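Okay, here's what each chain looks like letter by letter:
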Amino acid sequence: MTQGISRRWPREWAGLAVSVIAVTVAAGIGRATTTSTAEGYGRLQQPGWAPPASLFGPMWAVLYASMAVSAWLVWRSHPARENRVPLAVYGVQLVLNMAWTPLFFGLGWRGTAFIEIFVLWAFIAATVALFWHQSRWAAILLLPYLTWTTFAVVLNFSVWQLNN
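Looking at an unreviewed UniProt entry, the protein chain carries the name Peripheral-type benzodiazepine receptor, with the source organism given as Mycobacteroides immunogenum. What the UniProt record of the protein chain gives under Subcellular location (unreviewed entry) is the line "Membrane".

Given below as structure tokens:
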């Protein structure tokens, strides 16, 4: 038994590395396609309850780390054919996550970004539901991301309305 476990570990670590790299690439592409996001955020009219720009970096670091671990837990939980749909939905939400920053800050398409973040929220919720059946811990790790995105949907709408 020990021999079987030790043979799996290189594959396990490689799977975790792929998950971390995918999240890092998505975060990097989303960020790289805009100029200074913090400066853009600071120039917008915002509701009084909007968080300071300094909160976003640390918050997203934690969220992206939990997203990577969550996907890895699902990937390793069942045979590939059983994880195909949950991980595909996860991939779609990751692409949507990557697209929001360029839409909102890079292009200034606040209305489109609002629609996009609402669709993103739906894909995150679907991912949580699908992950729940594969690995409860994976789903639980995504709950802060779903919560943050719920808040972001309301904030996005408010900022869009204030800056129209």
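So, next bit.
**Student:** Outline the UniProt feature "transmembrane region" (unreviewed entry) in the protein chain, supporting the account with residue identities and numerical values.
**Tutor:** Summarizing the sequence annotation, UniProt attributes the feature "transmembrane region" (unreviewed entry) to residues 12-33, 53-75, 87-107, 113-132 and 139-160 in the numbering used throughout. Note that residues 87-107 is 95% helix and 0% strand, and that its end C-alpha atoms are spaced 29 Å apart. Along residues 113-132 the backbone is 100% helical and 0% strand, and the end-to-end C-alpha distance reaches 28 Å.

**Student:** I'd like a rundown of the nonpolar core, residues and numbers included.
**Tutor:** Within the largest apolar cluster, 38 residues are counted, with the highest numbers of intra-cluster contacts made by Val23, Met67, Tyr90, Phe104, Ile117, Phe131 and Tyr145. Going through the elements one at a time, helix H1 (2-32), helix H3 (53-77), helix H4 (80-106), helix H5 (110-134) and helix H6 (136-162) are the ones with two or more residues in this core. Per-element accounting of this core gives the leading share, 10 residues, to H6. Those residues in contact with Ile117, other than ones at most four positions away along the chain, are Trp100, Thr149, Ala152, Val153 and Asn156.

**Student:** Please give an account of the packing of aromatic side chains that cites residues and values.
**Tutor:** In the structure shown here, the tally under the stated rule is 13 aromatic pairs. Pairing Trp100 with Phe104 gives two aromatic rings, centres 4.7 Å apart and planes at 20 degrees, and the pair type is stacked. Taken together, the residues Trp100 and Phe104, both in helix H4 and 4 residues apart, mark about one turn of the helix. In this structure Phe104 comes out as buried when scored by relative accessible area, which is 3%. A centroid spacing of 6.5 Å and a plane angle of 20 degrees characterise the contact between Phe118 and Trp121, whose relative ring orientation is stacked. On the criterion of helical spacing, the pair formed by Phe118 and Trp121 is a turn pair, its members being 3 residues apart in helix H5. Overall, Trp121 belongs to the partly exposed group, its relative accessible area being 29%. In this structure an aromatic cluster arises from ring pairing among Trp49, Phe56, Trp148 and Phe151. If you follow Arg76 out to its NZ or CZ, it ends over the ring of Trp72, 4.8 Å from the centre.

**Student:** Describe the layout of surface pockets, with residues and values.
**Tutor:** The calculated volume of the second largest pocket comes to roughly 170 Å³. Taken together, Gly15, Val18, Ser19, Ala22, Ala71, Trp72, Trp75, Leu87, Tyr90 and Leu94 form the lining of the second largest pocket. Breaking the lining of the second largest pocket down by element, the ones donating at least two residues are H1, H3 and H4. If one sorts the elements of the lining of the second largest pocket by residue count, H1 sits on top with 4 residues. Along the lines of polarity and charge, the residues of the lining of the second largest pocket split into 8 nonpolar, 2 polar and no charged.

Rules behind the numbers
Residues numbered from 1 in each chain as written. Predicted model: local features only at pLDDT ≥ 70, side-chain atom pairs only at ≥ 80, totals over all residues. Heavy atoms only, no water. UniProt positions renumbered as here; feature names shortened; annotations may be inferred. Helix = DSSP H or I, 4+ residues; strand = E, 2+ residues; numbered from the N terminus. Core = buried A, V, L, I, M, F, W, Y, C linked by side-chain atoms within 4.5 Å. Buried < 20%, exposed > 50% of the residue type's maximum accessible area, 1.4 Å probe, protein only. Contact = heavy atoms within 4.5 Å. Phe/Tyr/Trp six-rings, centres within 6.5 Å; stacked < 30°, edge-to-face > 60°. Lys NZ or Arg CZ within 6 Å of the ring centre and 35° of its normal. 1 Å grid on protein atoms, 1.4 Å probe; cavity = no way out; pocket = protein on both sides within 12 Å on 5 of 7 lines; lining within 4 Å. Points joined across faces, edges and corners; volume = space filled by probe spheres on them. Nonpolar A, V, L, I, M, F, W, Y, C, P; charged D, E, K, R; others polar.

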